[in-house]
Number of protein chains: 4
Amino acid sequence: MGEIEHGDTPGAPGTGRSASGRRVRADAQRNITAVLDAAKAVFAVSGVDAPVREIAARAGVGLGTIYRHFPQRSDLVVAVFQQEVDACADAAPVLAAEYEPDAALARWLRRYTGFIATKRGLAAALHSGDPAFEPLPAYFQQHLVPALGSLLESAAATGAIRADIAPYELLQAVANLCLPADSDHAQRMVDLLIDGLRYGAPGGRAT
Amino acid sequence: MGEIEHGDTPGAPGTGRSASGRRVRADAQRNITAVLDAAKAVFAVSGVDAPVREIAARAGVGLGTIYRHFPQRSDLVVAVFQQEVDACADAAPVLAAEYEPDAALARWLRRYTGFIATKRGLAAALHSGDPAFEPLPAYFQQHLVPALGSLLESAAATGAIRADIAPYELLQAVANLCLPADSDHAQRMVDLLIDGLRYGAPGGRAT
Amino acid sequence: MGEIEHGDTPGAPGTGRSASGRRVRADAQRNITAVLDAAKAVFAVSGVDAPVREIAARAGVGLGTIYRHFPQRSDLVVAVFQQEVDACADAAPVLAAEYEPDAALARWLRRYTGFIATKRGLAAALHSGDPAFEPLPAYFQQHLVPALGSLLESAAATGAIRADIAPYELLQAVANLCLPADSDHAQRMVDLLIDGLRYGAPGGRAT
Amino acid sequence: MGEIEHGDTPGAPGTGRSASGRRVRADAQRNITAVLDAAKAVFAVSGVDAPVREIAARAGVGLGTIYRHFPQRSDLVVAVFQQEVDACADAAPVLAAEYEPDAALARWLRRYTGFIATKRGLAAALHSGDPAFEPLPAYFQQHLVPALGSLLESAAATGAIRADIAPYELLQAVANLCLPADSDHAQRMVDLLIDGLRYGAPGGRAT
DNA sequence: CATGAATGAGGGTTCATTCAT
DNA sequence: GATGAATGAACCCTCATTCAT
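So, how was this worked out
Residues numbered from 1 in each chain as written. Chains lettered and ligands numbered in written order. Predicted model: local features only at pLDDT ≥ 70, side-chain atom pairs only at ≥ 80, totals over all residues. Heavy atoms only, no water. Helix = DSSP H or I, 4+ residues; strand = E, 2+ residues; numbered from the N terminus. Expected span 1.5 Å × (residues − 1). Buried < 20%, exposed > 50% of the residue type's maximum accessible area, 1.4 Å probe, protein only. Near = heavy atom within 4 Å. Polar contact = N/O pair within 3.5 Å; in protein donor to acceptor, adjacent residues only side chain to side chain. Arc of directions from axis to C-beta. Contact = heavy atoms within 4.5 Å. Axes fitted to C-alpha atoms, helices over the stretch in contact; angles between N-to-C directions. Parallel < 35°, antiparallel > 145°, perpendicular 65-115°, else oblique. Left-handed = near helix turned anticlockwise from the far one by under 90°. Nonpolar A, V, L, I, M, F, W, Y, C, P; charged D, E, K, R; others polar. Phe/Tyr/Trp six-rings, centres within 6.5 Å; stacked < 30°, edge-to-face > 60°.

1. With respect to helix α5 (residues 101–117) of chain A
Note on helix geometry: an α-helix contains 3.6 residues per turn, so any two residues three or four positions apart are oriented the same way. Its 17 residues place the ends of α5 of chain A 24 Å apart at the C-alpha level, agreeing with the 24 Å of an ideal helix rising 1.5 Å per residue. Among all positions of α5 of chain A, only Ala104, Leu105, Ala106, Trp108, Leu109, Tyr112, Thr113, Phe115, Ile116 and Ala117 of chain A are buried.

In structure tokens:
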């Protein structure tokens, strides 16, 4: 971990290595990177439903180049998502090493917020029924829960924050700043917000 | 406020009056209502990108009927949005009359959550650059800020909640439980969530 | 039977009636006919793989008009095929009423040859694995086997031809015989086949 | 005739000699052979419209290698066709030496049937208007007419078959007969055609 | 020479919008 | 007014062909 680009699945575009283990040509890798960067930018601006041509144009490559590396439109969405999840997860240990536990937590949540902020339209895609998106929530969870989990633990260990919030729930809550959730969960998060409101109120109570 | 259907713009569909002030024929009004109801349901299920044809089918009317009353597809989105904003705003005084201030606030936030929950894809539309959607945020704000504002004021007056949260911010925060937000604001709400976390922490403080 | 256009399936395009039994608008029917005619001509010239756009252009309609009536490209192929099968089958009783049995048989085989001659590329389509084409052989068989069967029976009853050839086999043989060749030659080969039939018939002659 | 690989055009791939007369490198020749074999197999399975990439994969070579030797896709089709025509023509003298004239004829027609059976989609290609395919019928005729012609002559000389059928016509008839049908049936129809041939022959029998 | 990455024209299909009926 | 047929721009994707490595 540590580089901007890497994937969990060996051979995924962006890894610098093909599935066969053979070295990917330098120019191909450059294109993959350009496409992912362009897709990330375009998705952020126009949502994940943006035309592939728009991404190709911004990346400065032909349509076929995108389809070579991402045979389905959805593969591109998945790849961008995973790359950003990876980058975000990688930030956790870095911040933990640099800051006090609760500062590291707060900073990571900001970092994570930045990640989430570009996900316009992804929620709709996730609920579109397209099976290509089914693994995404699991990917999200598998990478970010441990990352946030250790930050939360450290902060709770110092007594800076309460200890009864599961990493997954907090991830979802912040994610929901962009992604629609099922009502139950939304409700819980509204309650948490209301807790936040009551904190510091004249009639509120501490501990 | 008060009727099921009304708009801000004189002569908008749903008012019961045409721009010329002439009375809209009863069957035309029935069609408008059917279309709006159908659109609301379809948007909730398939998102705001659902084909117009699907709405026409569910409303039991022809395509032309929809386009007669809503010349652009976006007009339909706008109308549904406004109608739901109105209904939601109208709920505030009703709840205020029935419940204690902080209970009324909590209930209204739930009501509002239900409203927001059906907005899949709307955020993407709002940021699509289509000028038809430009007035929507203002409409949202003009109607819901006063509604929530009075609930917040009443609750703060009793000391049940802190007094330093602006209605608009809270609206956005809860909205974002489903819809993507711009970064600044998301950040503030993350901070609020963190406050919520700290509330009840061993090392937390009250007041 | 008897009209140029009719289908086996109620509500199929070309019937003049929609599936709901409601009358199809006259202009729509005109377009359906134009599309079928254009498709028939284009298929004959360019094969069944011809672009839909080419058919639309020749029919003088928009692309959407074709897709309205034939939601899949293959539906158009199927419809043209069925229409021609129908027309061909309908010719059998007409010829039987006008000519002596073996003359009627020979003429019908020529008629059938003309039908087959326009099927360039259809065989490949039939073997393409596309499930849309699966019912075609059955349709072909259900309509043409009886048509040819009665002609064969009548001719065999007069002793003009041998009686041991099944209609289906003869249909296939002639179909295969005619596909890629020019008409003159196909005709000669049909004649040869007919010679083959006559060889060994009770009323046949040797040398 | 006689070698496995040879073409009519000097310097065509498969000849073992380049246009300049220089010896083709052994590995290049190996590649050409592999490509032709792969193309033959792929055309038989997927038709002549199969993607070039599929052929490259099966041949175990890169796309560029194919295009080096066959600059146009159609060149590959032509080469495969010619190679198979050659192999088929070469079988005639071999069979003539081994069997009685009419047995040799019948066996060769079966051999020829096997050749034709792999030509799915070729007929459509031949009529596609692509000038690359224009010489094919002539090639077919120049090689197979003499091959079949001598077999027919020998058989007619013994009185086993009638003498009034031109080789070219019989080639076409059998070719067309075999394309789309399953083998068993095609074989029966070939038999019927042969019956047709025998009908009217000096040594034939009636009833 | 061989490879396979890149290109982009072209094909099927959808759907907002117009307009004849 | 209401209907839904017609239109065609725009989308996703494939694949023949070129050319950098």
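2. Side note on the protein's contact with DNA strand F
Taken together, 41 residues form the shell around DNA strand F, and within it Thr65 of chain B together with Asn31, Gly62, Thr65 and Arg68 of chain C come nearest. Of everything in DNA strand F that lies within 4 Å of the protein, sugar and phosphate atoms constitute 64%. Backbone polar atom of Gly64 of chain C to a base oxygen of DNA strand F: 3.4 Å apart, as the coordinates give it. The contact in question runs from a phosphate oxygen of DNA strand F to an N or O atom on the side chain of Gln72 of chain D, over 3.1 Å. Elements represented by at least two residues in the surface near DNA strand F include exactly α2 (52–59) and α3 (63–69) of chain A, α1 (26–46) and α3 (63–69) of chain B, α1 (26–46) and α3 (63–69) of chain C together with α3 (63–69) of chain D.

3. Focus on the protein's contact with DNA strand E
Lining the immediate environment of DNA strand E, one finds 40 residues, of which Asn31, Gly62, Thr65 and Arg68 of chain A together with Thr65 of chain D sit closest. For DNA strand E, the backbone portion of the atoms within 4 Å of the protein, that is sugar and phosphate, comes to 64%. For DNA strand E, a base nitrogen lies 3.0 Å from a polar atom in the side chain of Arg53 of chain C. In the model, a base oxygen of DNA strand E is placed 3.2 Å from a nitrogen or oxygen of the Gly64 of chain D main chain. Residue contributions to the surface near DNA strand E peak at 5 residues, all from α3 of chain A.

4. Observations concerning helix α2 (residues 52–59) of chain D
All names here are of chain D. Residues Val52, Ile55, Ala56 and Ala59 constitute the buried set of α2. When α2 is viewed along its axis, its buried side chains cluster within an angular range of 100° and face the same direction. Facing away from the buried surface of α2 by more than 90 degrees, the exposed residues are Ala57 and Arg58. Buried-residue contacts for α2 involve α1 (26–46), α3 and α4 (73–98).

5. Topic: the side chain of Gln82 of chain B
Residues and elements named next belong to chain B. Here Gln82 is to be found in helix α4 (residues 73–98). You can call Gln82 buried: its relative accessible area is 14%. In this structure, Gln82 is in contact with Leu136 and Tyr139, ignoring residues within four places of it in sequence.

6. Brief notes about the packing of helix α5 (residues 101–116) of chain D against helix α7 (residues 135–157) of chain D
All names here are of chain D. Where α5 meets α7, the axes come as close as 7 Å, and the angle between the chain directions of the two elements is 155°. Our classification of the angle between α5 and α7 gives roughly antiparallel. α7 is crossed by α5, and the crossing has left-handed handedness. Residue-level contacts link Pro101, Asp102, Ala104, Leu105, Trp108, Leu109, Tyr112 and Phe115 of α5 to Phe140, Leu144, Ala147, Leu148, Leu151, Leu152, Ser154 and Ala155 of α7. For the contact of α5 with α7, the class distribution of residues is 14 nonpolar, 1 polar and 1 charged.

7. Examining the packing of aromatic side chains
Residue and element names in this part refer to chain B. This structure, assessed with the given rule, holds 20 aromatic pairs over all chains. A ring pair is formed by Trp108 and Tyr112, whose centres lie 5.3 Å apart and whose planes are at 5°; its orientation type is stacked. Linking Trp108 with Tyr112, this pair stays in helix α5 (residues 101–116), spanning 4 residues, or about one helical turn. Each member of the pair, Trp108 together with Tyr112, is buried. A centroid spacing of 6.2 Å and a plane angle of 50° characterise the contact between Tyr112 and Phe140, whose relative ring orientation is tilted. One end of the pair, Tyr112, is in helix α5; the other, Phe140, is in helix α7 (residues 135–157), and 28 residues separate them in sequence. Each member of the pair Tyr112 and Phe140 is classed as buried.

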